[in-house]
Structure formats: structure tokens, C-alpha cells
Amino acid sequence: MSDEAIIDLLQRAPFSFVGTIEHLGAAAMEVPVDDRTAVVYVDRVLHGPDVLLGLGGQRITLQLAADAYPPDVGETAAFFAQAIAFGESVAVAEVGRLPLEHVEPQMRLAAEAGERALGVFEHRVETLNLCKHAAEADAVVLGRVVKLEMASSKGAPGVSEHDPDWWVATLHVHHVERGEVKPGKVRVLYANSLDVRWRAAPKPKASESGLWLLHRPDGELAKVVPFAILHAEDRQAVQSLDAMREYWS
Amino acid sequence: MGFVRVVNMMPASLSGETNQDSEPNLAVNPERPTDIVATAFTPDPAGGAFAPIYVSTDGGRTWVLRNVIPGGSMTRDITVGFSTTGGVLYAGVILQNSVRMQILRTPTFAATTPMTVLVNRDLEDQPWVVAGSVVINGRSVDRVYVGNRDAQPRPAVGAVAAVDVSLDAATAPAPAGFRETPLGLRRGPFSLPPTRLAIHPDGTVYAAFIHCTRQFGDGNNMDFHVVVRRDDNWGDNVDPFSDLRRPFQKTPGVVADIGFARFNDTMGQERIGADLAIAVDPTDSSTVYVASCIRGGESSTDWRLSVRRSTDRGQEWEFVREIGPTVKNPALAVNAEGRVGLAYQELTGGQWVTRLELTRSAWANPPETKVLHQAPSGTPARAFFPYIGDYIRLIAVGNDFYGVFSGNNTPDLANFPSGVSYQRSADFTNRVLLRTDGVTPVAPSIDPFFFHWSRTKQTETKPGLTKAEADTPPKSIKSETKETVETKPGLTKAEADTPPKSVKAETKELSDTKPGIGKAELDLPPKSAFEHGPKGVPHGVPEAFASLLLKLSQRVEVLEGQVAQGRAFIRPEERPDVGPAHDDPSADE
């Protein structure tokens, strides 16, 4: 099994674990049960968000994929899953499955290095996603924030709690990696609102340096500024540029 | 006096989470009030493709997150509502990172299958779901109303309050009959985000919204009207929601209140700007309450909650309650006895305090007041707006009130004067949350809390109990239950163990002495008054049942007469042999 298979599964499944099937047609919590519902003992969490990392040593409910062969009771495998329900226990739905021997070498290496079981692959997935996002940008530049100001055209202020509260950051661009931008000052629109809608959008700080993924705004906003940074990943550490160059090459 | 149970809704398996789970909402299945659904700004903890709802099938004692909302791992604004019969759940959501509103439906609220998208429209805000049912030609039909603020481009006006109405939403394919009615087409630049609705079984539907009449200063200062519109036929009139208007006035709707707001101003770590609630009395569709918040003026920093009441179907409004100086998130409901519930969140003394007030006199007498939660307003630090939410919700089913609010989840008994139970791992002795390992500390965050008020003691309300502890009835509570039973002579234990629906119970006792109505007839499942048309005429019910309803209404009249003469008692505590059990002797009953 290639590394690409693991990466593909990591991109589709936010949670993975090595588990042993204990019961079929049963559940460890109140969820609909059919013959593809299984109670699984979690031998080890391979990857997942922080709140799920403590599931090792517990029994959870696994809804097996309809298009995969049903495992036998006692069978151990690496399961890649999406969450269905959280109660006293957890229920997940299988997205994919790998034989244990296909992830064991990586688990061993990670244990020796004191890292997460699939940490190397998780990092590659993160980089891959970042590079895909960067490829959609209209310009990729290195620069420093030299000015912050309220946007001159803010629309009708105060009419919605989700208003973006447009501001403009002036970047002093000293390196253009991609896009039709000249080094020097570039004005960039951003959402200064702390509303839930804009919580993850970059909010540049004075003198902040970094790698900026610039996107041309739509409609009326295009008349205000040439670029905008609205996606959570539009501001990156300078070091990310190496990964992008490698991806593009 | 009633009893209230407060439950932290975060499931045990998510003991390690620290999200800002603000802006909660709630739906209670009127047919089976043990079935409850709630929402909040809670992401799928695993970061998957569906956002969760909170589901309880045991009356709110325990909760499970189920990932069934399509469109991403988290929603923005989200509200929910159950139909009166049939158990269909509806949701209105704004998708994450967008302005797209979806109206969703599922016939199986506890399933793990995604909800069905019925309506999909951009440039919307704050969908607010209210659902009911009516029987037509022997078939239960779901009436569903989704208030919203629609910013579709229109000439000479900005975003306007609106309502999407479906008169038969339960099974039809998308869009399931939903059609939009703009409500805010009136003088003034735009409507503010909340559009709230209240429906009555007789077909009366009230819609309230806040309409800006003047925007000035930096644009965040605004004068506004609290406008109420009404439809007397389920929103099915040719000109919907136009049955309420001043004489000689072309524009439909009546101004219930006038105020000033500084929109998106802050109060503690929270923002303010548009707070609104409306509720209709289920015993009388002419009586309707509206709550809103108002600032005294440009130089003020207050945000006062005021409640107004109309007893003539919205024509005239009288002021009945004010709470200040810094209050938000009013939530109103009226129960089957005509008792009004008002929940709200007040910033006072460096704390957010969530209270529930209950009154049967429209606050002419002091209300029964329960402090549900009080905790420092500076902890935890805000992750985003809204900090605790732009709204909470209160719902009445029968005589009971059900509600939800969000707040600081520190497991400190001093924060929960009415008691609380937690599912997530919590150490009340050391006032610290713990991960699922029961050892590792977890930082405090904002959690949703469910509450349930009823006239009978609920055994889970002992402060600081974990679920496991709560499942074991403590001796002291057992003895309190026993005392209550002993004061009601003639009840078997089984009857006493059944939460009394007081009016129904008393009616039954009386009816046993009256020939002509058999016990079997009285034991028929209570058909909701939603089966009646606007004039109270049964639609599509058999003549025999209509006859029974007539007999029952006659019995109620007799009962009311006996109550007036002191020969019968609506509430058990009024009985001389029981006596009141007030926490506060002066509180309103």
C-alpha cells in the first residue's frame, strides 16, 4: 500500500484508529443499528482532533461502509472515519480501511520519534491543502504591513451583525512569487469583524511580515482594492514558501 | 411555585472540548416532550462535513450530538422547531462562511441521516423557525414559518424583515411549499436582523421585527420601531400578514414600541443591537407579548429590556415589565395556563446572570424568579462574536417551560443557584473541568445549558451531580417526593409518579362525578387546539369528537365557575389541604 493511499484517506477522514471488531449488529451508544453497525475496541488512535485523542482503550460504535467487505469479529484493522454522534460514547462512520500491516511500520517509526502515529502524513496533507489553496490565489507575495485603515466604502454600516467591517492593509511587497504584482505597496482588503462568520479571516497587524496569498475581489469590492485576503490560510509563515515551490515544481 | 432543572448539554465524550458554543436554540416535540433538539455554534468535533444538533430523548437529562446538518462542520445562525403532530423537525440555518440560508427537514430527528434541504437562498440572516400542525380533511398538515432578514436587492429599501411560510411542509419535495413574504417594506432604510414569530392554534400568526427608521452618526446609531404584523389565517391570506393595521393606515402592522440602539456596540465581551421576542397566549389569541431591548439615548450605555402586552390582537400595547440597565436575549413563552415565562441574560456585578421569570398577572405582582446561572463575565476570553449569543429560546409545552442558554461552564455550585447536572467530566469540589480521563484539567469555555421548569420537583436538579450520580435518586429528594404524594390523598403511587397535568387531572376528577362523559372518552389523547380553524370550528374531525369537544368545553365552563366560587382549584397549591409551597411568599402565582 502506497503512502498516497494513506494520504488519500487522511484527506477524506478526520479521524482514524486501529480497532478490533468486538460485536457486529450492535452499538455502544444509542444510534440506529443494522448488520453493518459494529462495536469496536480502539487499540490506538492514529490521527484526529484533540478531543478524540483520548479514545484509545475505549469501545466505540463504527458504522461500516456499505461498499466494503464486512470484517469478522476479532479482526483488527486501521479504520478511517467521519464522526456521526457524540454522547457518553462516540459513533463514527467508516470512510476507508487499511490492513494493520500497512500502517504498522509508520506507527513504529512515529513511536520511536515520539510523534503522532500518522504525523508525517498529516503534515503532508496539511501542506498539500495549503498548496492547493495557494494555487487558486491570484498572487503570492512576501511582504510587511505598513499601513492599516478603514475601507472608504464600507457599504451600509451596522445593518447586520455579520457585516465584515472592511479594512485595508497596505503591504510593502518585497518579493513576488506568483501573480501580476510589482514589488512595492499593494493595498489588500480584509474583514476586521470578530463575528463568527469572519472569525478565521486574517486580520493583519501593524508591521506584521509574512507570506500572503492574494485574491482578486468580486463585484463592488474590486473597485475599492485590487486584492483581498478573506480565507483563513491567506496569511502564512514565510517558511511555507519552500513547500509551495516544491509542490509547484 | 415551580421547580427548575438545569443541565449542561455537553456530552461526556466531549469532556475535553473548549469551543465557544454560543447562541443556542431549542425545539421540544409537543406530542412527546421528552424528545428535544437544541443547537448552538458547536462544530462537528471531528471537523467533518456535517454540523451537529444536540438531541435528547429523555426530557433533556442527557444529550447526544448528531452530525446531520449539511454544508460544513459548523453553521452560523441556526434555529429549530418541531411540528405539533408527527414529530417532523425543521431547521433554519445560515451556512458557514456564507450568507446562504437553508431550510431543512427531517422526519426522524434522532436519526444520523442528514436533514433534507428544502430552501436554499443567499443574502439572508437569522432564520427563526416556528412550526405547528393543523388537521385538514383528517390529515395533519404542518404549518412552518421561518422568520428571516432578507437582503435581496430591492429598489429604495435595504434588507427587510421577511417570513418564509409553508402551509404543508411535512412531506412535499423541495421547496415544500415555502414562499417568502417581505414584512419590512415600510418607511425607513432597513430592518434589523431578528424576525420573530408566534403562532396560535386558531390560525393566528404574529410576526414581530425591528425596523430602523433613521440611521445616523457613524451609521451604527439608529432609531427603530418594534413592528408587529398579524395574519388570521395561518399566513394564507392573499395579502399575508396584513390583518393588523391602524385605522386609515395603508401600511400593515402596528408599532408596539419605539427605541434607539447603537448597533454592534459591546456589553462586557458581548455585542448588542437587536433583541426581540414574541409570544401568544395559547388560551387566547388576542393576548400577545413582545419583549425588546432599548438604549436610553446616544450618551447612554444601557440596554434595557421592556415587555409589552396587547390584549386586543396587537392594536394597543401596554408596558408591563422593564429590566435594566444592561440586559439582552429576551425569550418569551406562555403556557397552557396563561402563565408567561421570560428568560433573559443580564450583565451585572461583573457576571452574566441568566434568569427565568414566571408570572400569571403580567407582572402586576412580583414574578416567580429563578436564577439559572451566574458566572464571571470575563472568563473565558471571547473567541468571536457573539460571546454568549444573539438569542436564547424559551418554549412552553402544556404547563411546562423548556429553555436553553449559553454561558461559562465552570463547574462551580455558586454559579447554579437552581442546581445543575453535568454530563461532561467535572470536579465541583475543585471547580475544574476534566478530560475524559477524569484527571487532566480543561479550561472553562462557553457551553449550552438546557433548563426545564415544571410545577413538580424533578429529581435530577441536585446541584453538581454528574449524570451517574443523578441517575441514583438521592434520599432527600425521595422524601420530598413522598411528602408531595402524601399531601394528595386518593392518588395511587403510579398516579402520583406521573407528572400531573394539573388542569387535566382536576377535570378528570370532576368528570368522574358527572354522568354523560365516559372515562374512555376523557382518556382520549388530548387533541391539540391546532385542529381548530381561526374561529374555533373543528376542521375535518368526526362529529362525535366535535360533540365531545363541546361537552368538554361545557365542563371547563362548569369548572371555571366552581373555581371562581372556591369549590374547585386549578392549581394544587391553592387547595387548603395542600397550601402554597412558595420560595418567595410575595412571588406571583
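Here, the structure is the one placed above.
Residues numbered from 1 in each chain as written. Chains lettered and ligands numbered in written order. Predicted model: local features only at pLDDT ≥ 70, side-chain atom pairs only at ≥ 80, totals over all residues. Heavy atoms only, no water.

### A closer look at the sheet that holds strand β9 (residues 116-121) of chain B
Residues and elements named next belong to chain B. Spatial ordering of the open sheet is given by β6-β7-β8-β9, a layout of 4 strands whose pairing is antiparallel. Among the strands making up the open sheet, the edge pair consists of β6 (75-82) and β9. In this sheet, neighbouring strand axes are inclined to one another by 20° on average, regardless of whether the strands run parallel or antiparallel. Sheet analysis places β6 next to strand β7 (residues 89-95), joined by 6 bridges and oriented antiparallel. In the strand pairing of β7, Val-80 is matched with Ala-91. (Pairing = 2+ DSSP bridges. Helix = DSSP H or I, 4+ residues; strand = E, 2+ residues; numbered from the N terminus. Axes fitted to C-alpha atoms, helices over the stretch in contact; angles between N-to-C directions.)

### Details of the side chain of Ser-377 of chain B
Residues and elements named next belong to chain B. Mapping Ser-377 onto the fold places it in the loop between β27 (368-376) and β28 (393-397). Residue Ser-377 is classed as buried on the basis of its relative accessible area of 12%. When neighbours within four sequence positions are excluded, Ser-377 is seen to be in contact with Gln-269, Leu-347, Gly-350, Gln-351, Trp-352 and Tyr-387. (Buried < 20%, exposed > 50% of the residue type's maximum accessible area, 1.4 Å probe, protein only. Contact = heavy atoms within 4.5 Å.)

### Remarks on unusual backbone geometry
A cis amide bond links Ala-174 of chain B with the next residue in sequence, Pro-175 of chain B, at an omega value of 10°. Of note, the amide linkage connecting Thr-379 of chain B to Pro-380 of chain B takes the cis form, showing an omega dihedral of -5°. Tracing the chain through its elements places Pro-380 of chain B in the loop between β27 and β28. At Asp-165 of chain A, a residue that is not glycine, the phi angle is positive and equals roughly 55°. For Asp-165 of chain A, the location among the structural elements is in the loop between β6 (139-150) and β7 (166-178).

### Overview of the sheet that holds strand β24 (residues 327-334) of chain B
Residues and elements named next belong to chain B. Taking strand neighbours across the sheet as the criterion, the 4 strands line up as β24-β25-β26-β27 in an open arrangement whose pairing is antiparallel. A strand with exactly one partner marks an edge of an open sheet, and here the two such strands are β24 and β27. Pairwise comparison of adjacent strand axes, ignoring direction, gives a mean angle of 15° for this sheet. When β24 meets strand β25 (residues 340-348), the two strands line up antiparallel, connected through 6 bridges. Pairing of Ala-333 across the sheet is with Gly-341, part of β25.

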